[in-house]
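Residue-level structure breakdown
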Amino acid sequence: MKFLKLFGHLTIILILTVLTQVGGLVWLLALFISIKLKKKKRFTFPILYLVFNVLIIPPIAKPFGREQLPIFNDYLKPRNWVYPLFFRNYVTSDLKALLENSATNLKPLNISITYLDANFPFKDGFPLMPHLSHNDGKKIDISFMYLDKHGKSSTKKPSVSGYGAFVDSNNISSENCLNKGYWQYDFTKYMTFGIINNLKLDKPKTKLLIKELLDSNLTEKIFIEPYLKESLKLINETKIRFHGCQAVRHDDHIHLQIK
Ligand SMILES: [Zn+2]
């Protein structure tokens, strides 16, 4: 019985660490407090978790070179509350400054930056699963811009997670990767958590957004699917690269990484 309990705790700690980096440690701390108090406190973990999320981790992460992105800013915001709640919206100070500056420049064009997965608060090399490369604070995924069914600019995004709603699911370049045996290539189609809005890609605004990100000297590369690079007429932009078949397809979001 004791062994089962220990196994249960270890499993929870492992899952929380993979999903949130800090959550496993908070679970351990909550467990320790419950044992010390000799009482099962059902609310210890959620309260402790929130305190760590909002008050404790942001100031500790800063001297380690990672800052939390804004949550309630209309022009630079997460796709949903899961990203900040799971500690997945940390970047280097440079990347934060770049995004804030871009958001300010895009504001007059009525373009807002909606971010998805960024990085965890601590430790270079600790990957933010399932993105192996999001491990140094210098990478972030950003949503495209969309039009509603009447062809009007929308601030909405197609899927709940922000991932998996491909612009053209039958596009041949992704088919090629799948045909070559890279089964994971369109795996994000299972990670939408629901397609809730019927939207079309807003090509001009998405292009302006990408152009703005390209303008910064800090920008090292941007990943989008080759067919989008072509249809957005960004073919001469050397910083826009194809990520290769070993990654997942990028016609549902932009991947930005800085130097
Ligand atoms: Zn990415």
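To be clear, the structure that these remarks concern was listed above.
What about the packing of helix H2 (residues 23-37) against helix H3 (residues 44-61)?
At a closest axis distance of 9 Å, the pairing of H2 and H3 adopts a crossing angle of 135°. If you check the angle between H2 and H3, you find them oblique. When you trace H2 past H3, the crossing you get is right-handed. Of H3, the residues touching H2 (which contributes Gly-23, Val-26, Trp-27, Leu-29, Ala-30, Ile-33 and Ser-34) are Thr-44, Phe-45, Leu-48, Tyr-49 and Phe-52. Its residues assigned to classes, the contact of H2 with H3 shows nine nonpolar, three polar and no charged.

Here we look at the environment of Pro-204
Tracing the sequence through the fold places Pro-204 in helix H7 (residues 203-215). Residue Pro-204 is classed as exposed on the basis of its relative accessible area of 56%. Spatially, the C-alpha atom of Pro-204 lies 49 Å from that of Leu-28, the residues being 176 residues apart in sequence.

A closer look at a nonpolar patch on the surface
Together, Phe-43, Ile-47, Leu-50, Val-51, Val-54 and Leu-55 make up an exposed nonpolar region whose accessible area comes to about 600 Å². Tracing the backbone through its elements, the reader meets Val-54 in helix H3.

As for the pattern of salt bridges
With the rule as written, the count across this model stands at seven salt bridges. A salt bridge links Lys-189 to Asp-186, with the nearest nitrogen and oxygen atoms 3.1 Å apart. For Asp-251, the salt bridge identified is with Arg-249, shortest N-O distance 2.7 Å. Accessibility expressed as a relative area gives 0% for Asp-251, which makes it buried. Using a relative accessible area of 1% as the deciding quantity, one classes Arg-249 as buried.

Quick notes on the rules
Residues numbered from 1 in each chain as written. Predicted model: local features only at pLDDT ≥ 70, side-chain atom pairs only at ≥ 80, totals over all residues. Heavy atoms only, no water. Axes fitted to C-alpha atoms, helices over the stretch in contact; angles between N-to-C directions. Helix = DSSP H or I, 4+ residues; strand = E, 2+ residues; numbered from the N terminus. Parallel < 35°, antiparallel > 145°, perpendicular 65-115°, else oblique. Left-handed = near helix turned anticlockwise from the far one by under 90°. Contact = heavy atoms within 4.5 Å. Nonpolar A, V, L, I, M, F, W, Y, C, P; charged D, E, K, R; others polar. Buried < 20%, exposed > 50% of the residue type's maximum accessible area, 1.4 Å probe, protein only. Patch = residues over 30% accessible without salt bridge, like charges linked within 9 Å, V, L, I, M, F, W, Y side chains within 5 Å. Areas by Shrake-Rupley, 256 points an atom, 1.4 Å probe, with all protein chains shown as cover. Salt bridge = Lys/Arg side-chain N within 4 Å of Asp/Glu carboxyl O.

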